[in-house]
Structures are given as C-alpha cells and as structure tokens.
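Observations on the three-dimensional arrangement
Residues per chain, in single letters:
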Amino acid sequence: MAAIATPGAESPAGNQSPAGLESAALLPTVQAPGVERGLALPILATVAVVFALEWAQSFVISLLLGILFAYTLNPLVVWLERIRIPRVLGASLVMVGVVCALVLGTYSLRGQIQTLLDQLPEAVGKLSVGLASVRKGQASTMQKVQTAANQIEKAASVVSMSKQPATRIVIDQPGFKLGDFLWANSVRAAVLIGQTVMVLFLTFFLLLSGDTYKRKLVRLTGPSLSNRKITVRILDGINESIQRYMFMLLATNILVGLLTWITLRWIGLESAGAWAVAAGLLHIIPYFGPTVTAVGIGMAAFMQFDTLSMALLAAGAALVIATVVGYFVTTWMTGRIAKMNTAAVFISLLFGAWLWGVWGMLLSIPIIVIVKVVAQHVEPLESVAELLGD
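Treat the numbers as computed from the prediction; the structure is a model and nothing was measured.

**Details of the UniProt feature "transmembrane region" (unreviewed entry) in the protein**
Under the local residue numbering, the UniProt record ascribes the feature "transmembrane region" (unreviewed entry) to residues 59-80, 87-109, 189-209, 245-264, 284-303, 310-333 and 345-371. What you have in residues 59-80 is 100% helix and 0% strand, and the ends, taken at the C-alpha atoms, are 31 Å apart. Counted over residues 245-264, helix gives 100% and strand 0%. Its end C-alpha atoms are 28 Å apart.

What follows is the structure in structure tokens.
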C-alpha cells in the first residue's frame, strides 16, 4: 500500500514537500511584526519622555534642584541631630544659613556688577576705538573683496534702474521700546525669584521628612527581602554619589576662586576678591559660567588699564584657570567618585544643554550618576551600567 505524503512530511530523498517549503518561507513574515513592535515601543516611550521633560521643565528642574540640595544638606541636619538638636530646629538653622550665604554672596558682587554696568557704555566705546586703531591702515583681503563686491553691486543696481522704473519699498520696523524690555526682564526676574523660593521650601520640607520617603520606597518594593535589600542599596548609593559629587563641586569651586584671586592680585586688578567669588560661584555651571566670568573680568581690566592687551591677559588667565581645573581636577575627581567614562559625561552635558539649557548642564551629571547607580543594581539595566562605566 502506497504511503500518502502529508503537507509537512519529508520526501524519501530527505527534501521537504512544496507545501512544507511554503510554510517555512512564511515563518519570518509571521515573526517580523513582533520584533518591530518590540523595538518601536521603547523608542516611542523614550521620545514621549523627552518631550514630557521639555514641556514640564519648570516643575522638573525645581523638583530635581530641591532633591539635590536636600541630599547635600542632609548630613548637616543629621550631625545637628547627633548633638541633641531636634530635626525641625536643625533643618531651620541649616536653611537660614544657606539663605544668609546666598544673600551675602549676592551683596558682595552687587557693587562690582553695578560699577561694571555703569561703565559699560564707556567700555564699549573704548573697545571700538581700540579695535579700529588695530585695523587702521591695514586693508585685509576680505576688506578688498568686500569693496569690490560693493562696487559690482552698485554698477548692477545702476544698470537695472536704467532699464526699469524705480520702485521703492519701505518696511516700517518697530523700534526698540525700553518699557517693553524692562517689563519683560522684570517678569523673568520675578519668575526666577519665585522658583528660587519654591526650591528653598521644597528643600526644607525634604530635610524635615528625613528618612520617611526612604522607608516608604522600601515598603513599596513588596515583602521580598531581596527586593528590599536592593532598594536600600540603590538609595544608599544615590545618597553617597550625590554627596561626593557636591563635595567635589565645592572643592573645585574653592580652588578656582583661590587661583583666580591670586592671579588677579598679581595682575593688579581692583576688586580681585569679588571677581574670585564670582569665578568660584559661576564655575558650577559647565562651560557657560567660566565664559561669563572671563568676559566680565576682561571688561573690568579694560576699564582699569585702558589697554586691550591687559584685558585679554586677565580674561585669558581666568579662562585658563577654569579650563585646567575643570578638565583635569574635575574630570579626575568625577571619575574617582562615579567611575564613569569621560565620553558619557560629555554626552550627558550636551543632552542636558539641548533639553534645559544652563540648568540642564548643571543637573546632567547628577542625573547620569543616579542612572548609573540604579543600572548597577537592576539586572535588565546592566548593559546601561556597562556603557556608562569607565
């Protein structure tokens, strides 16, 4: 009796039947949509998170700043508790000290900034005269090309006007209104002051709560002892990393201020102490802060010495100090603290600047450090920790 071949059965020669070949060919087309869906969902979720962070940046930045300051100031409150000072009183004393430090730092720079603003029109005039004297009598190649282009443009306009009647279009552009400018900047200043107050209140309430949220997060992980241990390790790692990072910022900022003060005193710049304080405070903002400090110091040196060379010397010295300390000392200390590679830190700075501007540059490194700490203790995220590690 002859055997009847089934659709998926093999032939005696070991080859599949035509029906089996068709079903095998259809298998990849059945699995492909699942693979594409598995890749599309994380990409869409990432894009949605990025747009949500950009849309709610005022709230997210204030929240992150409050958490960062609370982690930084919590050891002081804990130390006050050890010497028998209640947590409410200790948190109040710490916050009063922070506010007083901010007020004194702002007041120490107020006179210097006011003097610089008063002398700004005169400084711009002197700078224009100095640059004009440098270029006087030296017609560069670009100037010659520009002169030739202007002559060709004039000749072409004469020819075109001779062929067709002249048509004149006048565009009425709105002029500069001082009232609108002052109103816009006053509104921005009021918003900034309001956000600062909210961050201070949030920091105060987080300091008052102590370990309350830590215990709540541990309970939310469930009854499993292993999950609770992992959560405690993550929270302790985040706490330790942020405190070490803030200590590194404090040490590097003090070093920048000290070196700037010594250099400006050697140059002979007036109010070298105030500019050193400004250099130390603004160094906390990567790249942008040292640039602003160098421009201010250069303007002050130009107004005092009335020479472009001294202005470039003072500004260049401040920029070199900030660059050397930021590149060598900060990079070395960040690598020792977080054990991260330099490329990951720089990419996080670029992403933070694109997302939130200056605030993003300030918060990007603490955020990426927290991501690395979490990824080290969560098994599905071990690849992320490997990419960020040194």
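The discussion continues.
**Description of the environment of Q243**
Secondary-structure assignment places Q243 in helix α8 (residues 225-267). You can call Q243 partly exposed: its relative accessible area is 27%. Ignoring anything within four residues of it in the chain, the contact list for Q243 reads Y71 and P75.

**As for a positive patch on the surface**
There is a patch of like positive charges on the surface, built from R215, K216, R219 and R228. Among the elements that line the positive patch, the one with the most residues is helix α7 (residues 212-220), at 3 residues. By the element assignment, R215 lies in helix α7.

**Digging into empty space enclosed by the protein**
Summed over the entire model, instances satisfying the criterion amount to 1 cavity of 30 Å³ or more. The volume enclosed by the largest cavity comes to roughly 40 Å³. Looking at the largest cavity, the residues that line it are V256, A279, H283, P290, T293, A318 and A322. Going through the elements one at a time, α10 (288-305) and α11 (308-338) are the ones with two or more residues in the lining of the largest cavity. Across the lining of the largest cavity, the residue classes break down as 5 nonpolar, 2 polar and no charged.

Thresholds, definitions, all that
Residues numbered from 1 in each chain as written. Predicted model: local features only at pLDDT ≥ 70, side-chain atom pairs only at ≥ 80, totals over all residues. Heavy atoms only, no water. UniProt positions renumbered as here; feature names shortened; annotations may be inferred. Helix = DSSP H or I, 4+ residues; strand = E, 2+ residues; numbered from the N terminus. Buried < 20%, exposed > 50% of the residue type's maximum accessible area, 1.4 Å probe, protein only. Contact = heavy atoms within 4.5 Å. Patch = residues over 30% accessible without salt bridge, like charges linked within 9 Å, V, L, I, M, F, W, Y side chains within 5 Å. Areas by Shrake-Rupley, 256 points an atom, 1.4 Å probe, with all protein chains shown as cover. Salt bridge = Lys/Arg side-chain N within 4 Å of Asp/Glu carboxyl O. Lys, Arg positive; Asp, Glu negative; His and termini not counted. Charge placed at Lys NZ, Arg CZ, Asp CG, Glu CD. 1 Å grid on protein atoms, 1.4 Å probe; cavity = no way out; pocket = protein on both sides within 12 Å on 5 of 7 lines; lining within 4 Å. Points joined across faces, edges and corners; volume = space filled by probe spheres on them. Nonpolar A, V, L, I, M, F, W, Y, C, P; charged D, E, K, R; others polar.

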